[in-house]
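Inside the fold
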Amino acid sequence: MTPEAGEFLSMLTPDEVEALRDAGRLRRWDRGTTLMTEGDTSDWVLVLTEGRVKVSSHTSSGTEVVLAVRGPGGLLGEMSAIDGSPRSATVTALEPVAGVVVRDFPAFLQEHGRVAVLLMRLVTERLRDADRKRVEYGAFDTTGRVATRLIELAERYGERTSAGVRVALPLSQDELAGWTGASREAVSKALRTLRDRGLIETGRRRVTIHDLEGLRKRAR
């Protein structure tokens, strides 16, 4: 599967991709499987080649907060592999996934200096994205945050159809709530509001966006 634009694997040259594959081994996981667990100590990273995963953490009260959705080409577990600290998040397969497990990632980076620089750029982009989301939580209402997440999914995974942009949504409403920092009831109400305005149509684990520009305006 082609790496998603902006993900780690898409930044590498064919030779670097081949070297990374040679440094690891391919593994597969079923939908719903936990690939990494928050708090665990392990020294391997995963580069996704197929499927999507959610990256999440839990509050002290047990509420799940979805931090990100990663797709083909995504790099996972790099921080723990580099500094030896426990995993900062749990990674769960939203659909059947496959990826290359690399055990000694620091050694790979030492041998491939350009990749190490690209990794620093990627980490910086993720920090900027986290800052943007913190601003969203303070500035946008729940409907605006839901609209923003739907736009992100449409841009990354959307398929254009005669009815609009169709997104096969691997997230449940509970997970979408965790991604927007809202309750399930608030997210359900936000989706209903967007439907009533004719901006979207929802089905089981899918959303069709009829008016992407209108959704962008609502997200502001």
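Summary of the structure given here. (Residues numbered from 1 in each chain as written. Predicted model: local features only at pLDDT ≥ 70, side-chain atom pairs only at ≥ 80, totals over all residues. Heavy atoms only, no water.)

A short note on the overall build of the chain
When its secondary structure is counted, the chain shows 8 helices and 12 strands. On C-alpha atoms alone, the chain measures out to a radius of gyration of 18 Å, which is about the 17 Å that the 2.2 N^0.38 rule sets for 220 residues. For the C-alpha atoms alone, the extent of the chain along its principal axes is close to 55 × 40 × 30 Å. By residue count, 46% of the 220 residues in the chain fall in the buried class. Relative to all contacts within the chain whose residues are 6 or more apart in sequence, the contacts with residues 24 or more apart total 71%. Summed over all atoms, the accessible surface of the chain reaches about 11,200 Å², with 48% contributed by carbon and sulfur. Charged side chains of the chain number 34 positive and 32 negative; the gap between the two group centres comes to 6 Å. (Helix = DSSP H or I, 4+ residues; strand = E, 2+ residues; numbered from the N terminus. Rg over C-alpha atoms; globule rule 2.2 N^0.38 Å. Buried < 20%, exposed > 50% of the residue type's maximum accessible area, 1.4 Å probe, protein only. Contact = heavy atoms within 4.5 Å. Areas by Shrake-Rupley, 256 points an atom, 1.4 Å probe, with all protein chains shown as cover. Lys, Arg positive; Asp, Glu negative; His and termini not counted. Charge placed at Lys NZ, Arg CZ, Asp CG, Glu CD.)

Describing the nonpolar core
Counting 29 residues, the largest nonpolar core has Val146, Leu150, Leu194, Ile200, Ile209 and Leu215 as the members making the most contacts within it. For this core, the secondary structure elements donating two or more residues are β5 (64–70), α5 (142–157), β10 (164–168), α6 (173–180), α7 (184–196), β12 (206–209) and α8 (212–219). For this core, the leading source of residues is α5, giving 7 residues. Here Ile200 is in contact with Leu150, Leu191, Leu194, Arg195, Val207, Thr208, Ile209, His210 and Leu215, once residues within four sequence places are set aside. Formed by 19 residues, the second largest nonpolar core is a distinct cluster that contains Met11, Leu12, Val102 and Phe108. (Core = buried A, V, L, I, M, F, W, Y, C linked by side-chain atoms within 4.5 Å.)

A closer look at the sheet that holds strand β11 (residues 200–203)
Reading across the sheet, the 4 strands line up as β9-β10-β12-β11 and stay open at both edges, with antiparallel pairing between neighbours. For this open sheet the edge positions go to β9 (159–161) and β11, each flanked by a neighbour on one side alone. Taking the axes of each pair of neighbouring strands and ignoring which way they run, one obtains an average angle of 25° across the sheet. Pairing of β11 with β12 involves 4 bridges; the strand directions are antiparallel. Counterpart to Thr202 in the pairing with β12 is Val207. (Pairing = 2+ DSSP bridges. Axes fitted to C-alpha atoms, helices over the stretch in contact; angles between N-to-C directions.)

Considering the pattern of salt bridges
Enumeration over the complete set of coordinates arrives at 15 salt bridges. As a salt-bridge pair, Arg28 and Glu50 come within 3.4 Å of each other at their nearest N and O atoms. Placement of the pair is Arg28 in strand β1 (residues 25–29) and Glu50 in strand β3 (residues 45–50), with a sequence separation of 22 residues. Among the residues examined, Arg28 registers a relative accessible area of 54% and is labelled exposed. You can call Glu50 partly exposed: its relative accessible area is 31%. Between Lys54 and Glu64 there is a salt bridge, with the nearest N and O atoms lying 2.9 Å from each other. Residue Lys54 is located in strand β4 (residues 53–58), and its partner Glu64 is located in strand β5; the two are separated by 10 residues in the primary sequence. The buried category is assigned to Lys54, whose relative accessible area is 6%. When salt bridges that share partners are traced, they join Glu4, Glu7, Arg149, Glu152 and Arg156 into one network. (Salt bridge = Lys/Arg side-chain N within 4 Å of Asp/Glu carboxyl O.)

Thoughts on the packing of α5 against α8
One way to put it is that α5 packs onto α8 with a least axis distance of 8 Å and a crossing angle of 140°. The angle between α5 and α8 falls in the class oblique. Handedness of the crossing formed by α5 with α8: left-handed. Packed against α5, whose contacting residues are Thr143, Gly144, Ala147, Thr148, Leu150, Ile151, Ala154 and Glu155, the element α8 presents Leu212, Leu215, Arg216, Arg218 and Ala219 at the interface. (Parallel < 35°, antiparallel > 145°, perpendicular 65-115°, else oblique. Left-handed = near helix turned anticlockwise from the far one by under 90°.)

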